[in-house]
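Structure assessment
Listed below are the residues making up each chain.
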Amino acid sequence: MSKTMHRILVTGAAGQIGSELTATLCERYGSENVLATDHREASASLHEGCSFERLDVTDKKQIEILIDRYEIDTVFHMAAILSAIGEEKPQLAWQVNMGGLYNVLEVARERNLVRVFSPSSIAVFGPETPPDPAPQTPPLRPTTMYGLTKVAGELLGDYYVHRFGLDVRGVRYPGIISSETLPGGGTTDYAVEVFYEALRKKHYTCFVREDTVLPMMYMPDCIQATIDLMETDFGRLVHHCDFNLASMSFSAGELAAEITKHIPEFTCNYKPDKRQTIADSWPHAIDDSAARDEWGWKPSYDLPSMTEDMISRLSKKIGL
Ligand code: SER
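Read on for a plain summary of the structure. (Residues numbered from 1 in each chain as written. Predicted model: local features only at pLDDT ≥ 70, side-chain atom pairs only at ≥ 80, totals over all residues. Heavy atoms only, no water.)

All right, on to the sheet that holds strand 8 (residues 171-173) then. Spatially, the three strands line up as an open sheet ordered 6-8-12, and their pairing is parallel. Every interior strand has two partners, whereas the edge strands, strand 6 (120-121) and strand 12 (243-244), have only one. Examined bridge by bridge, strand 6 and strand 8 share two bridges and lie parallel to one another. Within strand 8, the position partnered with Ser120 by the bridge is Arg172. (Pairing = 2+ DSSP bridges. Helix = DSSP H or I, 4+ residues; strand = E, 2+ residues; numbered from the N terminus.)

And the structure:
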């Protein structure tokens, strides 16, 4: 049997996934048992009920102090620089993604923590990966700094599992679509921006080509997958830090067409920028049979149900 998680620290808790993950962890484990951290001040609503502390993950001492002070036994390490910003600031991406993860793993090893979640991404794949679908274990040769930090992060996490017996787990998230917190600096951000612009301006200029197909996932499935993997018995796992995870795949044009079913006046044009090169290096679909076999992964949303839910939530949020 795996040890139970009691006292949880979330890094990157103000981010797109971190904010909704923190809320769910508070509901599930009690907000008195969750410490939200981020390098920037989070808005009050994001961490209502649970404690919040500023944390720069590149500073190991700060991590040690918080883990000791709050008697943390589990870390969800969500802080990272994403793909588009990573290409603008590759040195920073290396420092935050590799330095941050190394610090978290070292503190976890030294204090014998129960578990660490270390997310990976479809960015681990590169132009040589079979794209339809990307297998669980192809040669990983990404062409972005973000992708290569995620490959190294998976290997480092697995190393800590096998060398030190630390229970580290992770999934390769596809592009995540959500209505609460905007994504920041990723290549798949267009799949969120398009909803806001469709509702506000009835028009969106998309930064990838209309025929660009990428794997995507709706936030409720993303949170479900994260918690399901972390609550699975360790003995069931063959993989640890590199689970492929799939839900839906669609082109930018197909997403726009789906939105038009709800907002008939909506129009979309396409002006690819530098992010197109990153998108072109990633696969179209993902073989997630290992996640399905080892911990029962099964997504709930598809393109129509995600689109309907996004439009209904965002309409309320924007006040339409
Ligand atoms: N959404 C991420 C990005 O675009 C992929 O993990 O960088």
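And the narrative resumes.
This part covers the packing of aromatic side chains. This structure, assessed with the given rule, holds nine aromatic pairs. With a centroid separation of 6.0 Å and an interplanar angle of 85 degrees, the aromatic rings of Tyr159 and Phe164 are classed as edge-to-face. Tyr159 sits in the partly exposed class, given a relative accessible area of 44%. Classification of Phe164 as partly exposed rests on a relative accessible area of 34%. Following the ring pairs from residue to residue traces out a cluster consisting of Phe76, Phe117 and Tyr173. In this arrangement the basic side chain of Arg275 is found over the ring face of Phe207, its NZ or CZ atom lying 3.4 Å from the centre. (Phe/Tyr/Trp six-rings, centres within 6.5 Å; stacked < 30°, edge-to-face > 60°. Buried < 20%, exposed > 50% of the residue type's maximum accessible area, 1.4 Å probe, protein only. Lys NZ or Arg CZ within 6 Å of the ring centre and 35° of its normal.)

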